[in-house]
Amino acid sequence: QVQLVESGGGSVQAGGSLTLSCVASGFTYRVYCMGWFRQAPGKERETVAAIDSDGSTTYADSVKGRFSVSQDNNKNTLYLQMNSLKPEDTALYYCAASSLPRCRGWSLTSDEYNYWGQGTQVTVSS
């Protein structure tokens, strides 16, 4: 019933831009927090950016100043605008959502992010 579907990934040259979208559907309860995560082959999954229940955002140091996360008013769609892409940004990008009230997106555990998408691949070449 509940689905998160990412889109917007692809291949781009270093220095280019991509915008990822994550659409949530089938939720019984309001979505409070959403976040973007990425995982490259042979590496652990890392948090890229997150939005808290109060709308505040947090970014990984590696993407600050280059990436921007936003959501629509009903909190069911999440975006990640990625600028000045680098080869090290290459990864499978996931979005996730939580129905936990007053959540802090950056601090949520994987279990507290109770809904996950299947991911969209971003490949940045030099």
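Described below are features of the structure shown in this document. Here the structure is a predicted model, which is why all the values come from computation and not from measurement.

Take the pattern of salt bridges next. Within the structure shown, the criterion is met by 4 salt bridges. Close ionic contact of Arg 38 with Glu 46 constitutes a salt bridge, the shortest N to O distance being 2.7 Å. A residue is classified by how much of its surface remains accessible, and Glu 46, at 33% relative accessible area, is partly exposed. Lys 64 is paired through a salt bridge with Asp 61; the nearest N and O atoms lie 3.0 Å apart. Owing to a relative accessible area of 63%, Asp 61 belongs among the exposed residues under this scheme. Among the charged side chains, a salt-bridge network with shared partners connects Arg 38, Glu 46, Arg 66 and Asp 89.

This part is about the state of the cysteines. Should the sulfur atoms of two cysteines be covalently bonded, the bond is a disulfide. Taken as a whole, this structure holds 2 disulfides when the rule is applied. Across a sulfur-sulfur distance of 1.8 Å, Cys 22 and Cys 95 are joined as a disulfide pair. Taking the sign of the torsion about the S-S bond as the criterion, the disulfide between Cys 22 and Cys 95, at about 55 degrees, is right-handed. Taken together, the residues Cys 22 in strand β3 (residues 18–25) and Cys 95 in strand β9 (residues 91–98) connect sequence positions 73 residues apart. You can call Cys 22 buried: its relative accessible area is 0%. The exposure class assigned to Cys 95 is buried, which follows from its relative accessible area of 0%.

Here we come to the pairing of strand β7 (residues 67–71). Where β7 meets strand β8 (residues 77–82), 5 bridges bridge the pair, whose relative direction is antiparallel. Bridging from a neighbouring strand, Phe 67 pairs with Met 82 of β8. Linkage of β7 to β8, two consecutive antiparallel strands, is achieved through a turn of 5 residues, within which Lys 75 is found at a positive phi near 65 degrees.

Another aspect to go through is the sheet that holds β7. In space, the 4 strands of this open sheet follow the order β1-β3-β8-β7, with antiparallel pairing throughout. Two strands lie at the open edges of the sheet, namely β1 (3–7) and β7, each paired on one side alone. The sheet shows a mean angle of 15 degrees between the axes of neighbouring strands, taken without regard to direction.

Let us now look at the pairing of β3. Pairing between β1 and β3: 5 bridges, direction antiparallel. Counterpart to Glu 6 in the pairing with β3 is Cys 22.

Conventions adopted
- Numbering of residues starts from 1 in every chain and runs along the sequence as written.
- Local features are withheld for residues below a pLDDT of 70 in this predicted model, meaning they are given only at 70 or higher, and side-chain atom pairs are given and counted only at 80 or more; totals for whole chains, interfaces and linings count all residues.
- The side-chain quantities take in all heavy atoms of the structure and omit both hydrogens and water.
- Salt bridges are counted wherever a side-chain nitrogen of Lys or Arg sits within 4 Å of a carboxyl oxygen of Asp or Glu.
- Residue exposure (1.4 Å probe, protein chains only): buried if accessible area is under 20% of the type maximum, exposed if over 50%, otherwise partly exposed.
- Cysteine sulfur atoms that come within 2.5 Å of each other are treated as a disulfide pair.
- The numbering of helices and of strands both runs from the N terminus, where a helix is a DSSP run of H or I of at least 4 residues and a strand a run of E of at least 2.
- Two strands qualify as a pair provided DSSP detects at least 2 bridges between them.
- Axis lines are fitted through C-alpha atoms, for helices just across the contact stretch, and the angle between N-to-C directions can take any value from 0 to 180 degrees.

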